[in-house]
Amino acid sequence: MEQRTPTLRGVAWLWFGISVAVLAVGFRQAIFLVPTDAAQGNVGRIFYYHVPIAMLSLIFPYINFVASLFYLYWRRREPLKALTADALALSTAEVTVVYSSICLLTGMLWGRATWGIWWTWDPRLTSMLLLWLLYVSYLMLRRFSSTGQTHTLAAVLSVFAAVDVPIVYMSIRWWRTQHPAPVFGGGPDSGVDPSMLPAFYWNLAGWTVWGVCIVLFRFALERRRQFAEQEAALQAIEASLEIPQ
Amino acid sequence: MKYLQHVLDHLRKDLRLEWRSRDSINGMLFFSLLVVVVFGLAFDPTSYPTMARQISGGILWVALLFASITALNQSWTREQRNNVLEAQRMAPSPASALFLGKALANMLFVLLVEAVLAPIFIVFFNLHALGNVWLLALILPLGTWALVVNGTFFAALGLRARNRELLLPLLLLPISLPALLAMVEATTGVLTADLDPIQINTWIKQLLGYDIIFTTVCILLFETVLNAE
């Protein structure tokens, strides 16, 4: 059984505080300090939320994928370690759904303001929607299958879903799309004005720390649920031993 | 060679099972026929030949996708009677041979349905393909395999779940979307001749890549799914 020391709790609160503080700085940078975009006006400020969140919603699936592979590897060899990997996979999958939902929603708001339509079936948007659908179906599977095999089946599905993530990432590089070309690490015209960088980096850092905070919180919750389940199973076994045969 | 023998044995068993009941083929045939009729009524394709050409590729694949889901849900259930599946888990043949045999059998069933459906489709939708029709001989099997290989896998995955019938489409549809896009685009390109051959080639190559990737993943992971406890 794990020891929830006050130190650990303090660290968790400190982390939460830091992420809120960084997000507040990022908010001030993005909303008040960055000069207004010449072409888009104030709507352009959604960039500082849409892009970092989109980047992160492609990173969490990989953690989910790696954790699922570790689960499949440890499943028979070290079941207790495997449960830890499974808890991490579940928490990252949930955060992936949250982040990709926010990415889709902010993208739709931005699209409505600049393109005049909420949604268009262009490869980037479609593949991002596909990513969202895949991780929703992952969570569905976890609810539908009975407790014994959930972990294994979900880990297997995660491998299938992970095949799609690179397609999303490469979609704006492979196809000419309505979605803007890559801003960072793209072609010769990529990159943004230096005045925009501080706001971008503060928000990227803020949403990263915040996402990690939620993942760890959800991970701890899932671990507690697992421990409670093991405790209950143990008590059931002990109770059955006490019955005179 | 031994492995191939195992696959063929499983395939023969599945074909014999299906021959005795003919449940899934009849079910699929009637279901896809209904979908075609429903879409025919909804869009009135005979009066607008251009529109019929543009939508019929999509309707054909959607009908086949839904039809194969109804059959795939059944394909493992009949192995569960009398604990046949447990016996197969203990059999000395590799688990992936069981999977490949089952997937090949399902593929044959769906191809049979396609062979019956195609003439009906041409009549009801008043179709006259403008592109190179022989490409369909490549697109149809590749697309069918893409649907069937993942469908067989996810039907096995949902075998012991609650709401098995609901779970299969929930898992299969998102995974199949890239393949569905490729096969619908390629088929529509052949029917309308709007797409130039290089683009159709690209879509077929993507479909082939999808088939190779997901067949590999399925074969590698099937043993895990079969023995999941």
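Residues numbered from 1 in each chain as written. Chains lettered and ligands numbered in written order. Predicted model: local features only at pLDDT ≥ 70, side-chain atom pairs only at ≥ 80, totals over all residues. Heavy atoms only, no water.

An unreviewed UniProt entry lists chain B under the name Heme exporter protein B, with Tunturiibacter lichenicola as the source organism. Turning to chain B, the UniProt annotation filed under Sequence similarities (unreviewed entry) states: "Belongs to the CcmB/CycW/HelB family." Recorded in UniProt under Subcellular location (unreviewed entry), the annotation for chain B is "Cell inner membrane". (UniProt positions renumbered as here; feature names shortened; annotations may be inferred.)

Chain A is annotated in an unreviewed UniProt entry as Heme exporter protein C of Tunturiibacter lichenicola. Database annotation for chain A, UniProt heading Subcellular location (unreviewed entry): "Membrane".

Visitor: Would you explain the UniProt feature "transmembrane region" (unreviewed entry) in chain B in this entry?
Guide: Residues given the UniProt feature "transmembrane region" (unreviewed entry) here are residues 25-43, 55-76, 97-127, 133-159, 166-187 and 207-226 of chain B. For the annotated span residues 97-127 of chain B, helix accounts for 90% and strand for 0% of the residues, and the straight-line distance between the end C-alpha atoms is 40 Å. (Helix = DSSP H or I, 4+ residues; strand = E, 2+ residues; numbered from the N terminus.)

Visitor: Explain the side chain of Asn64(A) here, please?
Guide: All names here are of chain A. Looking at the secondary structure, you find Asn 64 in helix α2 (residues 47-77). Note on Asn 64: relative accessible area 0%, which makes it buried. Among the polar contacts made by the side chain of Asn 64, one reaches the side chain of Ser 158 at a distance of 2.7 Å. Apart from residues no more than four positions distant in its own chain, Asn 64 is found in contact with Ala 89, Thr 92, Ala 93, Tyr 135, Tyr 138 and Ser 158. (Buried < 20%, exposed > 50% of the residue type's maximum accessible area, 1.4 Å probe, protein only. Polar contact = N/O pair within 3.5 Å; in protein donor to acceptor, adjacent residues only side chain to side chain. Contact = heavy atoms within 4.5 Å.)

Visitor: What is the right way to read the interface of chain B and chain A from this model?
Guide: For an interface, size is often stated in terms of accessible area lost upon the parts coming together. Of the residues lining the interface, 27 residues belong to chain B; the matching set on chain A comes to 24 residues. Roughly 2,200 Å² is buried in total at the junction of chain B and chain A, and carbon and sulfur atoms are behind 78% of that figure. At the boundary of chain B and chain A, one finds zero residue pairs in polar contact (both at pLDDT 80 or more). If you list the elements that add at least two residues to the side of chain B that touches chain A, you get α7 (136-157), α8 (164-192) and α9 (197-226) of chain B. Class assignment for the residues of the side of chain B that touches chain A results in 19 nonpolar, five polar and three charged. (Buried area = accessible area lost by both parts, 1.4 Å probe. Nonpolar A, V, L, I, M, F, W, Y, C, P; charged D, E, K, R; others polar.)

Visitor: What am I meant to see in the packing of helix α3 (residues 49-75) of chain B against α8(B) here?
Guide: For any two helices packed against each other, the geometry is given by the interaxial angle and the distance between the axes. Residue and element names in this part refer to chain B. Packing of α3 against α8 leaves a shortest axis separation of 9 Å and a crossing angle of 150°. Viewed along their axes, α3 and α8 adopt a mutual orientation that is roughly antiparallel. Read as a crossing pair, α3 and α8 show a hand that is right-handed. Its residues assigned to classes, the contact of α3 with α8 comprises twelve nonpolar, eight polar and three charged. (Axes fitted to C-alpha atoms, helices over the stretch in contact; angles between N-to-C directions. Parallel < 35°, antiparallel > 145°, perpendicular 65-115°, else oblique. Left-handed = near helix turned anticlockwise from the far one by under 90°.)

Visitor: Mind showing me how you'd approach the UniProt feature "transmembrane region" (unreviewed entry) in chain A here?
Guide: Residue and element names in this part refer to chain A. Cross-referencing UniProt, the feature "transmembrane region" (unreviewed entry) maps to residues 12-34, 46-74, 86-111, 123-141, 153-172 and 200-221 in the present numbering. The span residues 12-34 shows a helical share of 96% and a strand share of 0%, and its end C-alpha atoms are spaced 32 Å apart. This span, residues 200-221, is 100% helix and 0% strand, and a straight line between its end C-alpha atoms measures 31 Å.

Visitor: Help me out: how do you make sense of the pattern of salt bridges in this one?
Guide: Proximity of charged atoms lets side chains of opposite charge pair with each other. Residue and element names in this part refer to chain B. Enumeration over the complete set of coordinates arrives at 13 salt bridges over all chains. Residue Arg 12 pairs with Asp 9 through a salt bridge whose shortest N-O separation is 3.3 Å. Here Arg 12 pairs with Asp 9, and both are found in helix α1 (residues 2-21), just three residues apart, close to one helical turn. A relative accessible area of 36% means that Asp 9 is categorised as partly exposed. In this structure, Asp 14 and Lys 102 form a salt bridge, with 3.0 Å as the shortest nitrogen-oxygen distance. (Salt bridge = Lys/Arg side-chain N within 4 Å of Asp/Glu carboxyl O.)

Visitor: What's the story with empty space enclosed by the protein in this structure? I'm lost.
Guide: The method is simple in principle: a probe with the dimensions of a water molecule rolls over the atoms, and the space it marks as empty is what remains. Enumeration over the complete set of coordinates arrives at one cavity of 30 Å³ or more. The computed volume of the largest cavity comes to approximately 40 Å³. Lining the largest cavity, in full, are Gln149(A), Leu153(A), Ala156(B), Leu157(B), Leu159(B), Arg160(B), Val225(B) and Ala228(B). Residue composition of the lining of the largest cavity, grouped by class: six nonpolar, one polar and one charged. (1 Å grid on protein atoms, 1.4 Å probe; cavity = no way out; pocket = protein on both sides within 12 Å on 5 of 7 lines; lining within 4 Å. Points joined across faces, edges and corners; volume = space filled by probe spheres on them.)

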